[in-house]
Amino acid sequence: MKPGMVPPPPGEESHIVVLPPGWQSYLSPQGRRYYVNTATNETTWERPSSSPGIPASPGPHRSSLPPTVNGYHVAGTPAHPPETAHMSVRKSTGDSQNLGSSPPGKKQSKENTITVNCVTFPHPDTMPEQQLLKPTEWSYCDYFWADKKDPQGNGTVAGFELLLQKQLKGKQMQKEMSEFIRERIKIEEEYAKNLAKLSQNSLAAQEEGSLGEAWAQVKKSLADEAAVHLKFSAKLHSEVEKPLMNFRENFKKDMKKCDHHIADLRKQLASRYAAVEKARKALTERQRDLEVKTQQLEIKLSNKTEEDIKKARRKSTQAGDDLMRCVDLYNQAQSKWFEEMVTTTLELERLEVERVEMIRQHLCQYTQLRHETDMFNQSTVEPVDQLLRKVDPAKDRELWVREHKTGNIRPVDMEI
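In this text, all values refer to a predicted model and were calculated from it rather than measured experimentally.

Let's shift gears to the overall build of the chain. The helix and strand inventory of the chain stands at 6 helices and 11 strands. Burial statistics for the chain: of 416 residues in total, 33% are counted as buried. Sequence-distant contacts in the chain: of pairs separated by 6 or more residues, those separated by 24 or more amount to 67%.

Take a look at the structure:
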């Protein structure tokens, strides 16, 4: 299946639909297909046509999408994972973490679903397989829908919270790497300071000849090496430590906003679920009351039973309508949470890739600076090597004798 192609619905496998450039097809949590323009974030229920103004899928307009499918869309990030014909499937098990996030297209009954912490998943017995949103990757958007038992207590930790903790841990690791480089810089600065101090030492300053020249060059090479290490420490600060420290300075604040946004949606979902359960209980009570009054009519225990039955039937019908309304509101809340989870987890995934790549690049810069420093250090000792190769004891002796000779007349034996 080429990019931009939409998998045909069952029974229409012979018709492959090609979307216009920039459009992708997705499934809503209710299993309904919609389309997103990845360039403009425009969303529509109707399949776009290559010709502007001509809808590709005629038929009655069912309902319209909100201005954006994801109200918390982050610019530059894919808002939805594309659905392709090569999607892999994941076997469902009793573990709620393996239950997927995309409900089937048909409306499910309560027996076909299972609700865990106010989130409704397909029941593993009736939905044995489910498609991954990004089948070729171990993507955040596929594996963090369920809650996980908190190892520190008896509660649970939301899957999104685990992702957030990883992001904050990554920020802390980045900070600690910066501190590590800071310690490396201090060592370099101290080393350079000691080398410069040692180069000024007067020990063996009176050595003469070619060996004296070589010795002087050894001391000078220490001063040159000190300068190299000072330069190395300065570059470490500007090109490695500082970028690591300053990368995403407001990251924690941004993550906190993100956490609050998803947490608020989850709280809203829990509130909607509580309303559904309350409405379900009310309906059960109304149905029970209707059943009791119907039985009373059969045995004619009351003259007002017929009127009571009508009233009970109206109340039961109202309770059923209330339940349907609450379920609809719950599904809307879950759909919103689902869409924001996909968008936000993909954004966290992108941020993690960006963080790792940034650190890798700056550590590569560190090794490059090390190589350059080693090369410069080598260049400081090359003049010393050259002078040492020129050391000539015989020549040094000649020069010294010429300068300090006292006479070349040797003594002879004394005569009587």
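Take the packing of helix H2 (residues 159-199) against helix H4 (residues 251-299) next. Taken N-terminus to C-terminus, the directions of H2 and H4 make an angle of 175°; their axes are 11 Å apart at the nearest point. Classified by the interaxial angle, the pair formed by H2 and H4 is roughly antiparallel. Of H4, the residues touching H2 (which contributes Phe160, Glu161, Leu164, Gln167, Leu168 and Lys171) are Phe251, Lys252, Met255, Cys258, Asp259 and Ile262. Its residues placed into classes, the contact of H2 with H4 shows 7 nonpolar, 1 polar and 4 charged.

Right, let's get into the pattern of salt bridges. Following the criterion strictly, the structure yields 18 salt bridges and no others. For Lys186, the salt bridge is made with Glu183, and the minimal N-O distance between the two is 3.5 Å. With Lys186 and Glu183 both in helix H2 and 3 residues apart, this pair spans about one turn of that helix. Owing to a relative accessible area of 44%, Lys186 belongs among the partly exposed residues under this scheme. Given the relative accessible area of 45%, Glu183 is considered partly exposed. Linked by salt bridges that have partners in common, Arg248, Glu347, Arg350 and Glu354 make up one network.

What counts and how
- Residues numbered from 1 in each chain as written.
- Predicted model: local features only at pLDDT ≥ 70, side-chain atom pairs only at ≥ 80, totals over all residues.
- Heavy atoms only, no water.
- Helix = DSSP H or I, 4+ residues; strand = E, 2+ residues; numbered from the N terminus.
- Buried < 20%, exposed > 50% of the residue type's maximum accessible area, 1.4 Å probe, protein only.
- Contact = heavy atoms within 4.5 Å.
- Axes fitted to C-alpha atoms, helices over the stretch in contact; angles between N-to-C directions.
- Parallel < 35°, antiparallel > 145°, perpendicular 65-115°, else oblique.
- Nonpolar A, V, L, I, M, F, W, Y, C, P; charged D, E, K, R; others polar.
- Salt bridge = Lys/Arg side-chain N within 4 Å of Asp/Glu carboxyl O.

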